[in-house]
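Residue-level listing of the chains:
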Amino acid sequence: MQQKSQISNLESPISKKGILLVNLGSPKSTKVEDVKEYLDEFLMDERVIDYRWFFRSLLVRGIILRTRPPKSAEAYKTVWTDEGSPLIVITKKIQQKLQKLVDVPVEIGMRYAEPSIKTGVQKLVDQGVTEIVLFPLYPQYAMSTTETVVEKAEEIRKKFFPNVKINYVQPFYNRDIYIDCLSESIREKLPDNFDALQFSYHGVPERHIYKTDPTKTCNLNDCCSRDYNPSHNFCYRHQCFKTTELVLEKLNLPKEKALVTFQSRLGKDKWIEPYTDETLENLPKKGVKNLAIVCPAFVSDCLETLEEISVEGREEFLHAGGENFHYIPCLNDEDRWIEVVKTLCEEKLSEFYLV
Ligand SMILES: C=CC1=C(C)c2cc3[nH]c(cc4nc(cc5[nH]c(cc1n2)c(C)c5CCC(=O)O)C(CCC(=O)O)=C4C)c(C)c3C=C
Ligand SMILES: [Fe+2]
Ligand SMILES: [Fe+2]
C-alpha cells in the first residue's frame, strides 16, 4: 500500500511548500507553424545550440527552420494521441499520481512551450506557495537539459517571483532508489531471449561536455568510465555509462551483453559516440539478431523514443538483417517510479526546514 507523504504544509504556518515537475515540452499541435514556433524556442536556447546569437540565429532561422518543421510535424503526427503529445500527457499523469501521495500542491512546467515553467510557478503561487521544490525530470545532467531548466527557472524567479524560494532536485542517475526502479522495470519487460540489450541515450555535442566541465579533466576517453574522475558531476557521458553499469549489476547481466549508444544528433558538429542509428545497422552483421533496447535518458516516452527508436530504429535494424527488435518503454507513470519521484522531492522539501 502506498504511504501518504510525511511532509505537509501543516508543519510550517508561515511558508507553504509545493512541487514543480519540469520536462522538456512539445509543440502545442502537429501543425507545421506550431512545430516551427516550438523548434525556434528550443533551438535558440544558447544551452542547446551554443553558438553566439548571430551564428545561432543564422543556423536555426536561416537553415534548420526552413526545412525541418514539416518533417518534424509529420513525425509528431505518428505519436500524437487524442489527449496530445505523449510527453505532456505522461508528465500530467505523473503529476496526478504524485498529487495523490503528497500533501503539498504539485504542478508541471515545460522548459519550452506551454505549460511553461512560469505558468507552473504562477499556479503554485496562486495556491499560496512560497517554497518550491523543482524537479527537472532528467536522470543525467546536461547543459541542454538540467542546466537550462535551472537557469530558466532562476531567471523567472528573479523577474516575477522574487519572494519565492526554489530548491532543485539534483540529477539522480546513480541513486539506488532510481536504479532499483529502472532495473525492475526493465527486468519485467525484457524478452526471454535476446542477444544484446542496447542502452540508447539522447546524444549531445562533444563540445558541450568540454564546456561544462569545470575541472577540465574529461577528454571523452576512458576517464568517463573510471570509478572516479573530478569531472563526473558534469559529464553526461559518464553519467550515462554509470546508469548502465549499475542497472547491469542489478539485472545480473554481463557487460558483454550490453551496449551504450547515443541518438538524435543534429547538425554537423561531432556528437558523443557511438551513434544509435549506425549501431543498429551494424549489429545484425555482428550476429546480434534479437535485440532489446531501452532509452534511460528519458523518463517519459516521447517523439525520440516512440518514433525515432521504436519505429525508425526498428526499421533500420530489421532492414539490416535483424530478426527481433524489442523496445522497452520508459518509466512513464509506473507506480514504483512515482514513489521515487516522491522520495526525491521529499528530500528537497525537508531541506527547507533546515535553513
Ligand atoms: C534526454 C535529454 C535530452 C538531451 C540531452 C537533449 C539534447 C538535445 N536535443 C536537441 C534537439 C532536439 N531534440 C528534440 C526532441 C527531444 N529532445 C529530448 C530530450 C533531450 N534533448 C526530448 C524528450 C525530445 C522530445 C520532445 C517531444 O515533444 O516529444 C528535437 C525536436 C524533435 C525533432 O524535430 O526531431 C530536437 C530538434 C539538441 C540540439 C540537443 C543538444 C544540444
Ligand atoms: Fe533533444
Ligand atoms: Fe567524462
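Now for a description of the structure that goes with this document. All figures in this text were calculated on a predicted structure; none of them were measured in a lab. (Residues numbered from 1 in each chain as written. Chains lettered and ligands numbered in written order. Predicted model: local features only at pLDDT ≥ 70, side-chain atom pairs only at ≥ 80, totals over all residues. Heavy atoms only, no water.)

1. Brief notes about the environment of Val294
Then comes step 1: Tracing the chain through its elements places Val294 in strand S7 (residues 290-294).
Then comes step 2: Judged by relative accessible area, which is 4%, Val294 ranks as buried.
Then comes step 3: When the C-alpha atoms of Val294 and Ser310 are compared, they prove to be 9.8 Å apart, with 16 residues separating the residues in sequence.
Then comes step 4: Ignoring sequence-local partners within four residues, the contact set of Val294 consists of Ile186, Leu197, Gln198, Phe199, Ser200 and Ile328. (Helix = DSSP H or I, 4+ residues; strand = E, 2+ residues; numbered from the N terminus. Buried < 20%, exposed > 50% of the residue type's maximum accessible area, 1.4 Å probe, protein only. Contact = heavy atoms within 4.5 Å.)

2. Side note on the coordination of the iron ion (ligand 3)
Then comes step 1: Distances from the iron ion (ligand 3) to its protein donors, namely Cys218 (SG), Cys224 (SG) and Cys235 (SG), fall within the range 2.4 Å.
Then comes step 2: Counting the intervening residues between successive donors of the iron ion (ligand 3) yields the motif C-x5-C-x10-C. One end of the pair, Cys218, is in the loop between helix H7 (206-211) and helix H8 (236-251); the other, Cys235, is in the loop between H7 and H8, with 17 residues separating them in the sequence.
Then comes step 3: Residue classification places Cys218 among the buried residues on the basis of a relative accessible area of 7%.
Then comes step 4: Classification of Cys235 by relative accessible area gives buried; the value is 1%. (Donors = N, O, S within 2.8 Å, 3.2 Å for Na, K, Ca; no water.)

3. Regarding the pairing of strand S4 (residues 165-168)
For a regular strand, side chains alternate in direction, first toward one face of the sheet and then toward the other.
Then comes step 1: In this structure, strand S3 (residues 131-136) lies alongside S4, joined through four bridges in parallel fashion. The residue bridging Ile132 from the neighbouring strand is Ile166, located in S4.
Then comes step 2: Note on the crossover from S3 through helix H5 (residues 143-160) to S4: the handedness is right-handed. (Pairing = 2+ DSSP bridges. Right-handed = clockwise from strand over helix to strand, strands pointing away.)

4. A look at the pairing of strand S6 (residues 258-263)
Then comes step 1: In terms of burial, S6 is a largely internal element, six of the six residues being buried.
Then comes step 2: Side-chain alternation along S6 places Ala258, Val260 and Phe262 on one buried face and Leu259, Thr261 and Gln263 on a second face that is also buried.

5. What about empty space enclosed by the protein?
The rolling of a water-molecule-sized probe over the atoms marks out the regions of remaining empty space.
Then comes step 1: In total, this model carries two cavities of 30 Å³ or more according to the counting rule given.
Then comes step 2: When its volume is computed, the largest cavity comes out at roughly 70 Å³.
Then comes step 3: Lining the largest cavity are 13 residues; nearest its centre among them are Leu182, Pro296, Phe298, Cys330 and Leu331.
Then comes step 4: Element by element, the count of residues in the lining of the largest cavity is highest for helix H6 (residues 176-189), at four residues.
Then comes step 5: When grouped by side-chain class, the residues that make up the lining of the largest cavity number 12 nonpolar, one polar and no charged.
Then comes step 6: Estimates place the volume of the second largest cavity at around 50 Å³.
Then comes step 7: Tyr141, Ala142, Met143, Ser144, Val204, His208, Ile209, Thr212, Phe234 and Tyr236 together form the lining of the second largest cavity. (1 Å grid on protein atoms, 1.4 Å probe; cavity = no way out; pocket = protein on both sides within 12 Å on 5 of 7 lines; lining within 4 Å. Points joined across faces, edges and corners; volume = space filled by probe spheres on them. Nonpolar A, V, L, I, M, F, W, Y, C, P; charged D, E, K, R; others polar.)

6. So, the sheet that holds strand S8 (residues 324-328)
Then comes step 1: Pairing is parallel in the open sheet, where four strands are placed in the order S6-S5-S7-S8. The open sheet terminates on both sides in strands that have one partner only, identified here as S6 and S8. Recorded for the sheet is a direction-independent mean angle of 25° between the axes of neighbouring strands.
Then comes step 2: As paired elements, strand S5 (residues 196-202) and S6 share six bridges and run parallel to each other. Looking across to S6, one finds that Leu197 is bridged to Ala258.
Then comes step 3: Against the sheet, H8 touches S5 and S6, its axis set at about 150° to S5. (Axes fitted to C-alpha atoms, helices over the stretch in contact; angles between N-to-C directions.)

7. Some words on the packing of aromatic side chains
Then comes step 1: Enumeration over the complete set of coordinates arrives at 13 aromatic pairs.
Then comes step 2: A ring pair is formed by Tyr38 and Phe42, whose centres lie 5.8 Å apart and whose planes are at 55°; its orientation type is tilted. Pair noted here: Tyr38 and Phe42 are both in helix H1 (residues 32-43), with a separation of four residues, about one helical turn.
Then comes step 3: Residue Tyr38 is classed as buried on the basis of its relative accessible area, which comes to 4%.
Then comes step 4: Owing to a relative accessible area of 17%, Phe42 belongs among the buried residues under this scheme.
Then comes step 5: Ring centres of Tyr141 and Phe234 lie 5.4 Å apart, and the angle between their planes is 85°; this geometry places the pair in the edge-to-face category. With Tyr141 in the loop between S3 and H5 and Phe234 in the loop between H7 and H8, this pair connects stretches of sequence that are 93 residues apart.
Then comes step 6: Of the residues examined, Tyr141 reaches a relative accessible area of 7% and is grouped as buried.
Then comes step 7: Of the aromatic side chains, those joined through ring pairs into one cluster are Tyr38, Phe42, Tyr76, Trp80 and Tyr112. (Phe/Tyr/Trp six-rings, centres within 6.5 Å; stacked < 30°, edge-to-face > 60°.)

Geometry only, nothing functional implied.
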